[in-house]
Amino acid sequence: MKIRGTVAAALASAGILLAGWQTGTQAGGISTVASNTTAAGAPGATGTGTSGSAGSAGSSSSSGTTGSSGSAGSGPSSSSNASGTYKGTTVQTRFGPVQVQITVANGKITDVTALQLTNTDGKSIQISNRAAPLLKSKVLAAQSANVQTVSGATITSDAYLTSLQAAIDAANL
Amino acid sequence: MNTQLLPASPAASSSGRPELSPPKIPARGWFTRQYRQRMLRTDLLTVIAWASVAAAIALWLADGGATTITSPAALFTAAGIVAGLAGMDLVLLMLLLAARIPFIDRTIGHDRALEFHGKLGKPSLYLLLAHGLLLAVGYGMAEGLDPVSESINLWVQVPDMWLAFVSMALFIAVVVTSLVAVRRRFPYEFWYVVHLLTYAAVATSIPHQFSVGGLFAAGTWQRWYWLAICIYTGSAVVYFRILEPVLATVRHQLTVARVEAVAPGVVNIVMRGRKLDQLAGTGGRFFIWRFLAPGMWWHPHPFSLSAEPVVNGQDGQGTLRVTVRNLGTGSAQLLRLRKGTKVALEGPYGLLSTAARTKNKVVMIGAGIGITPLRALLETTPFTPGEATVLLRGHTEKELYLRNEILDLCQARGVRLFHLTGPRSRGRSTWLPEESVRNGYSLNSYVPDIKDADVYVCGPAAWAANVIADAGQAGVRQEQIHHERFDW
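The residue count restarts for each chain, going from 1 along the sequence in the order it is written. Following the order in which they are written, the chains are lettered starting with A and the ligands numbered starting with 1. The predicted nature of this model means local features are confined to residues of pLDDT at least 70 and side-chain atom pairs, given and counted, to a pLDDT of 80 or more, with totals for whole chains, interfaces and linings taken over all residues.

Looking now at the overall build of chain A. Put simply, DSSP marks the helices as runs of H or I at least four residues long and the strands as runs of E at least two long, and each gets a number from the N terminus on. Looking only at helices and strands, chain A features 3 helices and 5 strands. Across chain A, helices and strands are ordered from the amino to the carboxyl terminus as α-β-β-β-β-β-α-α. In this scheme the burial state of a residue depends on its C-beta neighbours within 10 Å: 20 or more other such atoms mean buried, 12 or fewer mean exposed, and anything in between means partly exposed; the C-beta positions come from the backbone. Looking at the 173 residues of chain A, the share that counts as buried comes to 48%. Relative to all contacts within chain A whose residues are 6 or more apart in sequence, the contacts with residues 24 or more apart total 60%. Note on contacts: each residue gets a C-beta atom placed from the backbone, and two residues are in contact if those atoms are within 7 Å.

So, in structure tokens, the structure goes:
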């Protein structure tokens, strides 16, 4: 009788796990907000990955965004009225990588796109979805990375702004 | 002495005492069916317990958990999350096992539920520790930090994480104080208070599950599972451990009617109350009693009824009785209970009842104060005359508490009765008197047909373990042995 219970329990558990696995891999989980929509087609925004880490901007307060890797977008330097799209560095956080891209027209930031946002779990995605639009509008208004972080999304905000600063540096604004 | 007081004779009807209405004897095979159903429920509980752990992990997988594993760091993080999910699930199962849910009590009994509860303690703590360590490593690797600085970061930076650290410390405290070696060093009350911190540990762990972990995030499958299991566990604990005892206390309005001496240091506490007809058939099962007098009300006493409730008035008015031996400071006060003291009760709990029966024949083996619940069971559990045997063990006749009542019951119902007195045997069968063993008697000599009987054992733990070992050797299967811890 004890064996019957154990076997039944093991089979049921295996079945449940398998079903969960199936659902998870087929649906691909929850879709993340970040997507590579904006094409970097504007003149001057050619290469990426040339210059090294632009992560220095991230060494400010948050150690949640310390490690920064990847490549800063390197646009054509010199002029302050640069145009094009510039990618920031990919900032690793404990909830996943964060990378933003800015669109610049005549030296003004006209758009900020999140290429990657914290996405390790449902809650991170929820936070990202809430924080990204807020950060974007703040950045567009301030025209810099010196904006307040979104409360309750400190880590995402810090990483977002660090990546943004790298993109701004790359655009030489 | 080793006296057979009554042969296996049919019931003698001329006992001269008020006639008991003998319990109705169910049809042949009824006890087998009852046993099969109980085993089915046991298996169901096993499946539910395992499946809940599997479901906790499966739902994480279903929400795309495995798809996040893209780097070694993410692998550590994922392992940490899985450990946390399984750990949390086990903690909730432990709370459910300790919640005194009637379905669980009816199926495996209160003491076995608590035994499983105890067995899950260490595994769940290990899982929670692994959860913390793996995540510190995984998060740390993602950011290029060592696990220690990462932990400090988490504490300082991430909202609610400091509460999670507090929760972990509380869990460690609860498990450590429950280790047998540690538990012995402190009074019961100390352990009890620390154990109550479990609720604080669970409560402080929940905020970070909301804000950092995604357990309750909108749009996930996990949200519904965790909401359901948390709400169910919470309400089960509140209802069965707090609300139902209060309701029972108000319903029965028990007061102490009298305290009568049975033997030196042993008393009957007789309580008067109402609606006692609802407690019919609970003789032998235990309740947790609190005598609401100054300095006593906070002390819970687990005592079994030593007689079936007696109903003799309107609205189920009647009396209940427990038989108590002066074992500690708490019980000592009971000898001086005043008439009219109000009594709070929780219960009935446990499987020392007819619900545990698997066979038509019955054997009851009791020692010391453990005899008294068997006295109540003997009154109510159904059997045909000649199919039951009672063995009472004590140093002297005087220690065979309630022996006269038991003798009367045995006469009325046709039960073989043995009084086993004298110093205990050294060597084999230490549960028997030395004299019996020397004369070559074993369990089988007293009860030749024991392997076809349900064996109820009640007495001190070491003694009972010895009885159970002998019964096993005599061919009694595990499911036929009904034993409840009595040395609380």
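Structure shown, so let's carry the discussion forward.
Bringing the overall build of chain B into the picture now. Along chain B, the regular secondary structure elements total 15 helices and 13 strands. Considered along the principal axes of its C-alpha atoms, chain B spans approximately 85 × 50 × 45 Å. Going through the 488 residues of chain B one by one, you find that 45% of them count as buried.

All names here are of chain B. For a helix, the expected span equals 1.5 Å multiplied by the number of residues minus one. Between its terminal C-alpha atoms helix 6 (residues 161-178) stretches 26 Å, which fits the 26 Å expected from 18 residues at 1.5 Å a residue. Residues of helix 6 that are buried include every one of Ala164, Ser167, Leu170, Phe171, Val174 and Val175, and no others. End-on view of helix 6: buried residues confined to an arc of 130 degrees, all on one side of the axis. Each element contacted by the buried residues of helix 6 is listed here: helix 4 (110-143) and helix 8 (188-211). An arc is given here, and it is the one of the directions from the helix axis to the C-beta atoms.

Another point: the nonpolar core. Residues and elements named next belong to chain B. Note on terminology: a nonpolar core is a set of buried residues of type Ala, Val, Leu, Ile, Met, Phe, Trp, Tyr or Cys, with members joined through C-beta atoms within 7 Å. Residues Met364, Val390 and Val455 are the most contacted members of the largest nonpolar core, which totals 68 residues. Contacts of Met364, omitting those with residues within four sequence positions, involve Leu374, Leu377, Leu378, Val390 and Tyr456. Counting 54 residues, the second largest nonpolar core, distinct from the first, contains Ala62, Ala78, Leu93 and Val137.

Moving on: helix 5 (residues 147-157) of chain B. All names here are of chain B. Taken together, the buried positions of helix 5 are Glu150, Ser151, Asn153 and Leu154. Angularly, the buried residues of helix 5 cover 160 degrees about the axis, an arc narrow enough to put them on a single face. Among the exposed residues of helix 5, those pointing more than 90 degrees away from its buried face are Val148 and Val156. Its buried side turned inward, helix 5 meets helix 4 and helix 6.

Our focus in this paragraph is the packing of helix 1 (residues 30-62) of chain B against helix 9 (residues 221-252) of chain B. Residue and element names in this part refer to chain B. Direction vectors running N to C along helix 1 and helix 9 enclose 155 degrees, while the axes themselves pass 8 Å from each other. One finds that helix 1 runs roughly antiparallel with respect to helix 9. Where helix 1 approaches helix 9, its residues Ser52, Ala55, Leu59, Trp60 and Ala62 are matched on the opposing element by Trp221, Gln222, Tyr225 and Ile229. Split into classes, the residues belonging to the contact of helix 1 with helix 9 amount to 7 nonpolar, 2 polar and no charged. Every axis corresponds to a line fitted to the C-alpha atoms, with the helix fit spanning only the stretch in contact, and the corresponding angles, defined between N-to-C directions, vary from 0 to 180 degrees. Angular relationships are summarised with four words: roughly parallel below 35 degrees, roughly antiparallel beyond 145, roughly perpendicular across 65 to 115, and oblique for the angles in between. Nonpolar residues are Ala, Val, Leu, Ile, Met, Phe, Trp, Tyr, Cys and Pro. Charged residues are Asp, Glu, Lys and Arg, and all others, Gly as well, are polar.

Residue and element names in this part refer to chain B. Read across the sheet, 7 strands follow the order 5-4-8-2-3-7-6 without closing on themselves; strand pairing throughout is antiparallel. This sheet does not close on itself; its edge strands, each paired only once, are strand 5 (301-304) and strand 6 (310-311). A pair of strands is labelled paired if DSSP reports no fewer than 2 bridges between them. Here 4 bridges tie strand 4 (residues 286-291) to strand 5, and the two strands are oriented antiparallel to one another. Across the sheet, the residue bridging to Phe286 is Ser304, located in strand 5. The strands that helix 9 touches are strand 2 (254-263), strand 3 (266-273) and strand 8 (342-349); relative to strand 8, the one it contacts most, it runs at about 120 degrees.

Here we take up the packing of helix 11 (residues 371-380) of chain B against helix 12 (residues 403-413) of chain B. Residues and elements named next belong to chain B. Taken N-terminus to C-terminus, the directions of helix 11 and helix 12 make an angle of 20 degrees; their axes are 10 Å apart at the nearest point. In terms of orientation, helix 11 and helix 12 fall into the roughly parallel class. When you trace helix 11 past helix 12, the crossing you get is left-handed. Judged by residue contacts, Arg375, Leu378 and Glu379 of helix 11 engage Glu405, Ile406 and Leu409 from helix 12. Considered class by class, the residues forming the contact of helix 11 with helix 12 number 3 nonpolar, no polar and 3 charged. Note on convention: the crossing is left-handed when the near helix lies turned anticlockwise from the far helix by less than a right angle, right-handed when the turn is clockwise.

Turning next to the pairing of strand 4 of chain B. Examined bridge by bridge, strand 4 of chain B and strand 8 of chain B share 5 bridges and lie antiparallel to one another. Paired with Trp289 of chain B across the two strands is Leu345 of chain B, which belongs to strand 8 of chain B.

The next subject is the pairing of strand 11 (residues 415-421) of chain B. Residues and elements named next belong to chain B. A large share of strand 11 lies buried, amounting to 7 of its 7 residues. As defined by bridge partners, strand 10 (residues 388-394) adjoins strand 11 across 7 bridges and the pair is classed as parallel. Paired with Val390 across the strands is Leu417, a residue of strand 11.

This paragraph deals with unusual backbone geometry. Residue and element names in this part refer to chain B. Cis geometry is adopted by the peptide bond preceding Pro348, which originates at Gly347 and carries an omega value of 0 degrees. Considering the arrangement of structural elements, one finds Pro348 in strand 8. Unusually for a residue other than glycine, Arg100 sits at a positive phi of about 60 degrees. Here Arg100 is to be found in the loop between helix 2 (72-97) and helix 3 (102-108). Residue classification places Arg100 among the buried residues on the basis of 22 C-beta atoms within 10 Å. You will see that Gln253, though not glycine, has its phi angle at about 50 degrees, which is positive. Along the chain, Gln253 falls in the loop between helix 9 and strand 2. According to the C-beta neighbour criterion, Gln253 is partly exposed, with 14 such atoms within 10 Å.

Moving on to the environment of Gly414 of chain B. Residue and element names in this part refer to chain B. Along the polypeptide, Gly414 turns up in the loop between helix 12 and strand 11. Among the residues examined, Gly414 registers 21 C-beta atoms within 10 Å and is labelled buried. Counting along the chain gives 26 residues from Gly414 to Ala388, while the straight-line C-alpha distance between them is 7.6 Å.

With that out of the way, let us pick up the confidence of the model for chain A. Each residue carries a pLDDT score, the predictor's confidence in it, ranging from 0 to 100. Averaged over chain A, the pLDDT score is 69; the fraction of residues at 70 or greater is 64%. Taken as a whole, residues 28-79 of chain A scores under 50 in pLDDT and shows 118 contacts with residues more than four places along the chain or in a different chain.

Turning next to the confidence of the model for chain B. Keep in mind that low pLDDT regions are not for reading the predicted coordinates in detail. Residues and elements named next belong to chain B. Averaged over every residue, the pLDDT of chain B is 86; the share at 70 or more is 92%. Contacts from residues 9-19, a stretch scored under 50 in pLDDT, to residues over four places away or in other chains number 13 contacts. Reported for the predicted complex are a pTM of 0.77 and an ipTM of 0.75.

Before going further, it helps to examine the environment of Gln148 of chain A. Residues and elements named next belong to chain A. Summarising the element assignment, Gln148 is placed in the loop between helix 2 (122-142) and helix 3 (154-171). On the basis of neighbour counts, which here come to 11 C-beta atoms within 10 Å, the residue Gln148 falls in the exposed class. The spacing of Gln148 and Pro97 is 51 residues in sequence and 20 Å in space, taken between C-alpha atoms.

Looking now at the environment of Pro382 of chain B. Residues and elements named next belong to chain B. Following the sequence through the fold, Pro382 ends up in the loop between helix 11 and strand 10. A residue is classified by how many C-beta atoms lie within 10 Å of it, and Pro382, with 18 of them, is partly exposed. Between the C-alpha atom of Pro382 and that of Glu397, which follows or precedes it by 15 residues, the distance is 27 Å. Once you skip the residues sitting within four places of it in the chain, Pro382 turns out to touch Pro23, Lys24, Ile25, Pro26 and Thr354.

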